[in-house]
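# Tertiary structure, described
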Amino acid sequence: MSRVTITLHVRETAPRARRFDLTRMPVLGRFLRWRHARTAIQIPMLALSLALLYDGFFGPQLAPKNLAGVLPWVHWRGFVILALLVVGNLFCLGCPFMLPRRLAKRLLPANRAWPARLRGKWVAIGLLAAFFWAYEAFDLWASPLLTAWVVVAYFVAAFVIDGFFGGAAFCKHVCPIGQFHFVNSLASPFEVAVREPSTCADCRTKDCISGRRGPDGQLIQQGCELGLFQQRKVGNIDCTFCLDCVHACPYDNVGVLARNPLHDITRDPNRSGIGRLSRRTDIAALALVLVFGAFINAFGMVSPVYTVEQWLAGRLGTTSEYPVLLAIFGLGLILAPILLVGGAASVSKRLARDPRPVVEVAARFSYGLIPLGFGMWIAHYGYHFLTGALTIVPLAQRFVADLGVSWLGSPRWDLASLVPASWLNWFETIFLALGLFGSLIAMLRIAEDGQRRPYLARRAFLPWAILCLVLFAIGLWLMAQPMEMRGVTLGG
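Given the structure is predicted, the values throughout are model-derived calculations rather than measurements.

With respect to the helices and strands, the residue Asp162 is situated in helix 8 (residues 144-164). There is a polar contact of 3.1 Å between the side chain of Asp162 and the backbone nitrogen of Phe170. Ignoring any residue separated from it by four or fewer positions in sequence, one finds Asp162 in contact with Arg101, Lys105, Ala110, Ala157, Gly167, Ala168, Ala169 and Phe170.

Listed below in structure tokens is the structure:
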């Protein structure tokens with residue numbers, strides 16, 4: 001009895017390990033704590049988006065020579081995965097679609113509740129799957145005009161949805177790009193979190209969620225619009241890194257803190273605004289769509305896809321590419337996850353004598369695949385970025401020349417690759433291997449968390465380890481295939 005008492009006393013009095021905090025850095029920290037930091041990032045992003053739209057509508061329609069044909073599909077995706085890998089969800093922090101949305105909140109009522117039937121991630125999952133299909137079906141990567149229309153649709157959707165509905169309905173329930181960042185930031189090394197939980201326990205105003213008000217009761221800083229109460233917030237799901245909670249906290253107790261990238265995946269606490277991940281089949285389905293989407297998206301860019309398309313066209317009796325691609329993405333995003341993940345969950349449940357329903361077992365372990373899926377996204381998007389990063393130079397030269405500015409000189413269309421071609425296979429293999437390593441560790445910890453007996457945990461882990469190795473082998477095969485050099489042109 002005395003031993004337990006001593007242990008509890010030590011835990012209560014032991015100092016908490018101080019985590020590295022980006023908001024405490026000398027220059028960057030001061031900027032992040034500045035109330036208008038997000039706007040300062042969003043304004044140049046909005047200007048870049050407007051330049052992209054102008055070029056998409058009125059510039060040359062040869063994709064490698066148009067901002068709308070290269071920036072979204074080469075540079076933006078490359079910087080996104082780099083940001084997620086090094087920090088976290090920085091794109092949502094600087095999202096240009098939020099500036100018009102802020103205007104909508106002032107011009108429109110924005111007081112309706114998002115329909116209960118549409119809450120969760122199912123709408124976003126459908127839009128994400130539709131985008132994966134449309135990207136290949138309409139060759140968005142090759143059409144600056146269609147890309148510009150997609151960007152316009154995004155601006156309009158954010159404006160209308162958040163102009164009529166309260167909170168951040170567009171970000172939380174609709175935006176497919178945001179869901180990509182939410183899920184993959186589960187494997188990121190930073191999170192917005194409280195520094196000292198005891199400070200939050202003593203707080204009575206809860207400004208991080210309700211907003212901070214002045215002496216006259218006027219709201220001077222809004223709290224978290226996505227309903228993530230910092231005292232009970234866990235991890236990065238649904239967190240847009242908007243930093244509203246950082247600015248709203250009257251005790252300066254919220255920062256951007258370093259953490260173990262696997263914590264979000266392996267733990268299953270009751271999370272503010274989300275609940276338990278093992279009981280959120282919509283979030284688990286979203287994670288699986290993004291994991292398998294990483295592989296099917298890459299498959300759409302390698303030469304074997306044409307053989308599969310011809311075979312499916314013959315089987316379906318059609319010459320149209322649309323139903324053929326619909327079948328490919330249906331198999332890759334729906335049937336394959338159901339069969340592979342459902343099969344692994346069934347075997348794992350039986351081997352470990354797990355009393356939970358198969359769906360809950362599948363949901364719990366699905367998050368363990370996120371590091372491997374993220375590794376695949378890095379390998380794929382990193383390939384395109386490394387082979388086309390320098391195209392920004394001739395694109396900028398051509399764009400300003402079309403506006404009548406010649407001081408940047410003639411476009412250098414010979415510029416493209418950032419690194420030697422011999423580096424690419426190593427780059428892809430390393431990040432795929434790191435993703436596999438992360439998933440195997442996550443799966444083992446999830447198995448151990450659900451079982452008190454080590455031998456049952458190992459049994460539960462076995463089918464998931466096999467699934468990870470199968471996906472890893474598929475990823476290596478995909479990266480070994482010739483991939484289209486999209487967004488790159490040689491010569492004038």
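This paragraph deals with helix 3 (residues 37-58). The terminal C-alpha atoms of helix 3, which comprises 22 residues, lie 32 Å apart, in line with the 32 Å expected from a rise of 1.5 Å per residue. On its buried face, helix 3 sits against helix 2 (28-33), helix 4 (67-86), helix 5 (90-93), helix 6 (98-107), helix 8 and helix 20 (392-402).

This part covers empty space enclosed by the protein. One pass over the structure, following the stated rule, counts three cavities of 30 Å³ or more. As a volume, the largest cavity reaches approximately 110 Å³. Class assignment of the residues belonging to the lining of the largest cavity gives a composition of nine nonpolar, four polar and two charged. There is about 80 Å³ of room inside the second largest cavity. Lining the second largest cavity are 13 residues, with Cys224, Leu228, Cys239, Cys242 and Cys245 sitting closest to its centre.

Further remarks concern the nonpolar core. Judged by nonpolar contacts, the single largest core of 141 residues is most densely connected at Phe97, Val192 and Leu369. The greatest single-element share of this core, amounting to 14 residues, is contributed by helix 15 (residues 281-299). Discounting chain neighbours no more than four positions away, the residues touching Phe97 are Phe91, Val151, Tyr154, Phe155 and Ala158.

Nonpolar side chains collect at one region of the surface, where Leu331, Ile334, Leu335, Ile338, Leu339 and Leu340 lie side by side and expose about 560 Å² of accessible area between them. Along the chain, Leu335 falls in helix 17 (residues 321-352).

Glancing now at the pairing of strand 4 (residues 254-258). The buried fraction of strand 4 is high, at five of five residues. A two-sided burial pattern is seen for strand 4, the buried positions comprising Val254, Val256 and Ala258 on one face and Gly255 and Leu257 on the other. Sheet topology note: the strand 1 (residues 190-194)/strand 4 ladder contains five bridges and is antiparallel. Directly across from Phe190, in strand 4, lies its bridge partner Ala258.

Looking now at the confidence of the model for the chain. Looking at the chain, pLDDT values average 90 and 95% of them are 70 or higher. Contacts from residues 1-15, a stretch scored under 50 in pLDDT, to residues over four places away or in other chains number zero contacts.

In this model, the largest pocket occupies a volume close to 1,300 Å³. Lining the largest pocket we find 48 residues, and of these Pro72, Trp76, Phe91, Phe97 and Ile177 sit closest to its centre. When residues of the lining of the largest pocket are traced back to their parent elements, those giving at least two are helix 3, helix 4, helix 5, helix 7 (122-137), helix 8, helix 9 (169-174), helix 10 (176-184) and helix 19 (370-388). By residue number, the principal contributor to the lining of the largest pocket is helix 4, which donates 11 residues. Residues of the lining of the largest pocket, tallied by class, amount to 41 nonpolar, six polar and one charged. Computed from the structure, the second largest pocket encloses a volume of approximately 690 Å³. Considering the residues around the second largest pocket, the lining is formed by 29 residues, among which Arg38, Arg101, Arg102, Gln222 and Asp244 are closest to the centre. Elements with a contribution of two residues or more to the lining of the second largest pocket: helix 3, helix 5, helix 6, helix 9, helix 10, strand 3 (219-221) and helix 13 (244-248). Among the elements that make up the lining of the second largest pocket, the one with the highest residue count is helix 6 (five residues). Across the lining of the second largest pocket, the residue classes break down as 14 nonpolar, seven polar and eight charged.

All right, on to the side chain of Asp244 then. Here Asp244 is to be found in helix 13. Buried within the structure, Asp244 lacks any salt-bridge partner; Arg38 is the closest side chain of opposite charge, at an N-O distance of 5.2 Å. Not counting the four nearest positions on each side in its chain, Asp244 is found in contact with Gln221, Gln222 and Gly223.

Moving on, we come to the pattern of salt bridges. In total, this model carries 16 salt bridges according to the counting rule given. A salt bridge links Asp449 to Arg364; the nearest nitrogen and oxygen atoms lie 3.4 Å apart. One end of the pair, Asp449, is in helix 21 (residues 424-450); the other, Arg364, is in helix 18 (residues 358-366), with 85 residues separating them in the sequence. One connected set of salt bridges, linked through shared partners, spans Asp21, Arg24, Arg195 and Asp252.

With that settled, the discussion passes to the packing of helix 7 against helix 15. Where helix 7 meets helix 15, the closest approach of the two axes is 9 Å, and the angle between their N-to-C directions is 10°. Judged by the inter-axis angle, helix 7 sits roughly parallel to helix 15. Side by side, helix 7 and helix 15 meet where Trp122, Ile125, Leu128, Phe132, Tyr135 and Glu136 of the first sit next to Thr281, Asp282, Ala285, Leu286, Val289, Leu290, Gly293 and Asn297 of the second. A breakdown of the residues in the contact of helix 7 with helix 15 according to their chemical character gives nine nonpolar, three polar and two charged.

So, about the packing of aromatic side chains. By the definition in use, this model includes 25 aromatic pairs. Taken together, a centroid distance of 4.8 Å and an interplanar angle of 25° make the contact between Phe97 and Tyr154 stacked. One end of the pair, Phe97, is in the loop between helix 5 and helix 6; the other, Tyr154, is in helix 8, and 57 residues separate them in sequence. Judged by relative accessible area, which is 13%, Tyr154 ranks as buried. Clustering of aromatic rings is evident, with ring pairs tying together Trp73, Phe131, Phe132, Tyr135, Phe180, Trp377 and Tyr381. Residue placement shows Lys65 over the ring face of Trp413; its charged tip is 4.9 Å from the ring centre.

Conventions we followed
- Residues numbered from 1 in each chain as written.
- Predicted model: local features only at pLDDT ≥ 70, side-chain atom pairs only at ≥ 80, totals over all residues.
- Heavy atoms only, no water.
- Helix = DSSP H or I, 4+ residues; strand = E, 2+ residues; numbered from the N terminus.
- Polar contact = N/O pair within 3.5 Å; in protein donor to acceptor, adjacent residues only side chain to side chain.
- Contact = heavy atoms within 4.5 Å.
- Expected span 1.5 Å × (residues − 1).
- 1 Å grid on protein atoms, 1.4 Å probe; cavity = no way out; pocket = protein on both sides within 12 Å on 5 of 7 lines; lining within 4 Å.
- Points joined across faces, edges and corners; volume = space filled by probe spheres on them.
- Nonpolar A, V, L, I, M, F, W, Y, C, P; charged D, E, K, R; others polar.
- Core = buried A, V, L, I, M, F, W, Y, C linked by side-chain atoms within 4.5 Å.
- Buried < 20%, exposed > 50% of the residue type's maximum accessible area, 1.4 Å probe, protein only.
- Patch = residues over 30% accessible without salt bridge, like charges linked within 9 Å, V, L, I, M, F, W, Y side chains within 5 Å.
- Areas by Shrake-Rupley, 256 points an atom, 1.4 Å probe, with all protein chains shown as cover.
- Salt bridge = Lys/Arg side-chain N within 4 Å of Asp/Glu carboxyl O.
- Pairing = 2+ DSSP bridges.
- pLDDT = per-residue confidence, 0-100.
- Lys, Arg positive; Asp, Glu negative; His and termini not counted.
- Axes fitted to C-alpha atoms, helices over the stretch in contact; angles between N-to-C directions.
- Parallel < 35°, antiparallel > 145°, perpendicular 65-115°, else oblique.
- Phe/Tyr/Trp six-rings, centres within 6.5 Å; stacked < 30°, edge-to-face > 60°.
- Lys NZ or Arg CZ within 6 Å of the ring centre and 35° of its normal.

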